[in-house]
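Here are the chains, one letter per residue:
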Number of protein chains: 2
Amino acid sequence: MKTVSTLFDLRTARLSFNGTVGLVPTMGYLHEGHLSLIRQAKAECEHVFVSIFVNPTQFGANEDLSKYPRDLERDLSLIEPLGVDVVWNPTPEIMYPAGYQTWVEVDALTHPLEGAIRAGHFKGVTTVVAKLFNAVQPHKAYFGQKDAQQAAVIRQMVRDLNFPLEVVVCPIIREADGLAMSSRNKYLEGADRAAAVVLSRALNAAKKEYEGGERSAEALRRKMKEVIEAEPRAQLQYVSCADYDSLEELEVVKGKTLLSMAVILGKTRLIDNFVLG
Amino acid sequence: MKTVSTLFDLRTARLSFNGTVGLVPTMGYLHEGHLSLIRQAKAECEHVFVSIFVNPTQFGANEDLSKYPRDLERDLSLIEPLGVDVVWNPTPEIMYPAGYQTWVEVDALTHPLEGAIRAGHFKGVTTVVAKLFNAVQPHKAYFGQKDAQQAAVIRQMVRDLNFPLEVVVCPIIREADGLAMSSRNKYLEGADRAAAVVLSRALNAAKKEYEGGERSAEALRRKMKEVIEAEPRAQLQYVSCADYDSLEELEVVKGKTLLSMAVILGKTRLIDNFVLG
């Protein structure tokens, strides 16, 4: 396994491979969710690249960029046994040198949900992902369903900008109690960690209603809201029952549907989702 | 020479080539300027792709999209003898299908000069060029110095977004009297065609002052303005004496410098430029 930092070293490493290449973009502090993406890339591609880059442009001014957890040594030791070919770990100065001024933006899909709360977040995501795609030139790129809107936005960007690659979205990996894995779970302390199960519980409750025949999107949103509001430590940001592709809020559930939510516990913001249909 | 329209056919054609590929993006209605780009691509690359696409997103609401000159048959007959491998001639629906919503934007470099007058123009240019790059995956891409700001903006985009290709900018090709070749010259009628020589005359006058030792950017701008204003048919939009890379207006000329201007003659808007230093 080779670890590179500069664009030149990354390109040199890339040119040494002729077979299919899978890219797993990450911000590091890897958990089982990331590792499942890497394993799937390894199963589907001849060569696997993992990028580790805490991308400053996708953090808002009042967000946790400086406090975002980092542990490169631990990350590398987790990746090493999986048969990854190249780890790309650029600095912010490599990705955004002085005079940097180009941005990639997806429009409608970035307006609701996370986009409505985290101004500029997706502009940072699509820009860095476009840069990663151009630098690595993968045949397939792997993202987690945990960030459902991000996956939808990147699929749209790839289609719109003719990127010659396939976006593969892999299932959410959960802790034993149902909490979706996230690098930010590390911030959860004591009672907040226990209360964090309320997200998957709310999604499960709505799913159960759906399976019982409920097709009113408002009823499903109300159900999720009820469960969250019954947890006194949880502060609800949004619940959504939206079309899987357009992310527009539904009135009646039909076809592939995304249940999603954002909840604050203590100082930690958590998101989770289920796909129906 | 193969002519393709769909993205699928373009990709299939692209996959049949293993050697270096040069791309010449055009809006058609080819003149000697375009042909010089194709010849240079042919001299430097094993395979040459030419795209012909009148890109709607780079025209403003009050600009000449519907009247922009088109003649595909003539274009193909001009390209055929040059040894081009593939001509890509997509429809607007192929490039911007229903639901299209992704944009590439370069910031500071697009603010002055053309960007200040043609709102949204460069957003359309960078978006379509990013799409062309991703679809064709060229090793080199050829642009004319005639659109000096466009060339600077695309160089910046390529650098910022890590596109794995080289931007080659080729010299302006001029008519015998000095008028820079442009598809829009077709619009010039009678006395306006004769008067159009005023752009290169103004640039030459400023260049002569520079060669005589003048280093005040304001003096060079004033000189160009004087020459344009002496032509009663010409309506000046801007004259500029700017840093070649940043396009910022200079006080003192030193290093590579761009003299440029936009002038309206009748209903036709013309641009031209010279590089000093």
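Predicted model, so just to flag it, every value in this text is computed and none were measured.

Caption draft 1: How the structure looks around a negative patch on the surface. A surface patch of negative charge is lined by A:E105, A:D107, B:E105 and B:D107. Along the chain, B:D107 turns up in the loop between β5 (102-106) and α5 (113-117). The class of B:D107 is partly exposed, set by a relative accessible area of 36%.

Caption draft 2: Focus on the interface of chain B and chain A. With 26 residues of chain B at the interface, the matching set in chain A holds 26 residues. Connecting chain B to chain A are zero salt bridges. Seen at the junction of chain B and chain A, the total is 22 residue pairs in polar contact (both at pLDDT 80 or more). Every element with two or more residues in the side of chain B that touches chain A is listed here: α1 (7-15), β5, α6 (121-136) and α7 (148-160) of chain B. Residues that form the side of chain B that touches chain A fall into these classes: 13 nonpolar, eight polar and five charged.

Caption draft 3: Region of interest: the sheet that holds strand β6 (residues 140-144) of chain B. All names here are of chain B. Reading across from one edge, β1-β4-β3-β2-β6-β7 is the order of the six strands in this open sheet, with parallel pairing throughout. Looking at which strands have only one partner, the edges of the open sheet turn out to be β1 (2-4) and β7 (166-170). Direction aside, the axes of adjacent strands within the sheet are offset by 25° on average. Where strand β2 (residues 21-26) and β6 come together, two bridges link them in parallel fashion.

Caption draft 4: Spotlight on the relation of the copies chain B and chain A. The transformation that overlays chain B on chain A combines an axial shift of 0.0 Å with a rotation of 180°, and the residual RMSD is 0.0 Å. Between the two chains, the operation in question is that of a two-fold axis. Distance from the rotation axis, computed per C-alpha, reaches its smallest value in chain B at B:V104: 2.2 Å. A high fraction, 100%, of the interface residues of chain B reappear at the interface in chain A, so the copies pair face to face through one surface.

Caption draft 5: The domain arrangement of chain A, seen in detail. All names here are of chain A. Structurally, chain A comprises domain 1 (2-170) and domain 2 (183-276). Taking the mean C-alpha position of each, domain 1 and domain 2 sit 26 Å from one another. Residue-level contacts link 22 residues of domain 1 with 19 residues of domain 2. Sorting the residues of domain 1 by area buried against domain 2 places L113, E114 and I117 first, and these three jointly supply 29% of that buried surface. One can count two salt bridges joining domain 1 with domain 2. Its salt-bridge partner being D64, residue R184 comes within 3.2 Å of it at the nearest N-O pair. With four residues, the top contributor of residues to the side of domain 1 that touches domain 2 is helix α7 (residues 148-160). Residue composition of the side of domain 1 that touches domain 2, grouped by class: 10 nonpolar, five polar and seven charged.

Caption draft 6: Structural view of the pairing of β7(B). Residue and element names in this part refer to chain B. Across five bridges, β6 lies against β7 in parallel orientation. Note that in β7 the partner of G144 across the bridge is C170. Regarding topology, α7 serves as the crossover connection from β6 to the parallel β7, and that connection is right-handed.

Caption draft 7: Examining the environment of B:V50 more closely. Residues and elements named next belong to chain B. When you line up the elements, V50 lands in strand β3 (residues 47-52). Residue class for V50 comes out buried when judged on its relative accessible area of 1%. Along the backbone, V50 and R11 are 39 residues apart, and their C-alpha atoms lie at a distance of 14 Å. Not counting the four nearest positions on each side in its chain, V50 is found in contact with V24, T26, I38, I79, V84, V86, V87 and W88.

Caption draft 8: Structural context of unusual backbone geometry. In this model, A:N162 sits at a positive phi of 60°, which is unusual for a non-glycine residue. With respect to the helices and strands, the residue A:N162 is situated in the loop between α7 and β7 (166-170). By relative accessible area, A:N162 is classed as buried at 6%. One non-glycine residue, B:Q137, lies in the positive phi region at around 50°. With respect to the element layout, B:Q137 can be found in the loop between α6 and β6. Owing to a relative accessible area of 32%, B:Q137 belongs among the partly exposed residues under this scheme.

Caption draft 9: Examining the side chain of A:S51 more closely. Its place among the elements puts A:S51 in strand β3 (residues 47-52). Look past the residues within four positions of A:S51 in its chain and what remains in contact with it is A:L23, A:V24, A:P25, A:T26, A:W88 and A:L132.

Caption draft 10: Highlighting the packing of α1(B) against α6(B). All names here are of chain B. Closest axis-to-axis distance for the α1/α6 pair is 9 Å, and the angle between their directions is 50°. On the basis of their axis angle, the class for α1 and α6 is oblique. Where α1 approaches α6, its residues L7, L10, R11 and R14 are matched on the opposing element by N134, A135 and V136. Grouping the constituent residues of the contact of α1 with α6 by class yields four nonpolar, one polar and two charged.

Caption draft 11: Fine view of the packing of aromatic side chains. All names here are of chain A. Enumeration according to the criterion identifies 16 aromatic pairs over all chains in this entry. Summarising the aromatic geometry, the rings of Y96 and Y100 are spaced 5.0 Å apart at their centres and angled 85° between planes, so their arrangement reads as edge-to-face. Note on Y100: relative accessible area 13%, which makes it buried. Ring geometry for F133 and F143: centres 6.4 Å apart, planes at 75°, overall edge-to-face. Of this pair, F133 sits in helix α6 (residues 121-136) while F143 sits in strand β6 (residues 140-144), and the two are 10 residues apart along the sequence. In this structure an aromatic cluster arises from ring pairing among F53, Y96, Y100 and W103.

Caption draft 12: Fine view of the sheet that holds strand β8 (residues 234-243) of chain A. All names here are of chain A. Taken in spatial order, the three strands make up an open sheet running β8-β9-β10, and their pairing is antiparallel. Only two strands of the sheet have a single partner each, and these edge strands are β8 and β10 (268-276). For this sheet, the mean inter-axis angle between neighbouring strands, taken without regard to orientation, is 15°. Both strand β9 (residues 257-265) and β10 contribute to a ladder of nine bridges, which runs antiparallel. Counted as the bridge partner of I264 is R269 from β10. Packing of helix α9 (residues 198-211) onto the sheet brings it into contact with β8, β9 and β10, and relative to β10 it is tilted by some 20°.

Parameters at a glance
Residues numbered from 1 in each chain as written. Chains lettered and ligands numbered in written order. Predicted model: local features only at pLDDT ≥ 70, side-chain atom pairs only at ≥ 80, totals over all residues. Heavy atoms only, no water. Patch = residues over 30% accessible without salt bridge, like charges linked within 9 Å, V, L, I, M, F, W, Y side chains within 5 Å. Areas by Shrake-Rupley, 256 points an atom, 1.4 Å probe, with all protein chains shown as cover. Salt bridge = Lys/Arg side-chain N within 4 Å of Asp/Glu carboxyl O. Lys, Arg positive; Asp, Glu negative; His and termini not counted. Charge placed at Lys NZ, Arg CZ, Asp CG, Glu CD. Helix = DSSP H or I, 4+ residues; strand = E, 2+ residues; numbered from the N terminus. Buried < 20%, exposed > 50% of the residue type's maximum accessible area, 1.4 Å probe, protein only. Contact = heavy atoms within 4.5 Å. Polar contact = N/O pair within 3.5 Å; in protein donor to acceptor, adjacent residues only side chain to side chain. Nonpolar A, V, L, I, M, F, W, Y, C, P; charged D, E, K, R; others polar. Pairing = 2+ DSSP bridges. Axes fitted to C-alpha atoms, helices over the stretch in contact; angles between N-to-C directions. Least-squares fit on C-alpha atoms with pLDDT ≥ 70 in both. Domains from an automatic or database assignment. Buried area = accessible area lost by both parts, 1.4 Å probe. Right-handed = clockwise from strand over helix to strand, strands pointing away. Parallel < 35°, antiparallel > 145°, perpendicular 65-115°, else oblique. Phe/Tyr/Trp six-rings, centres within 6.5 Å; stacked < 30°, edge-to-face > 60°.

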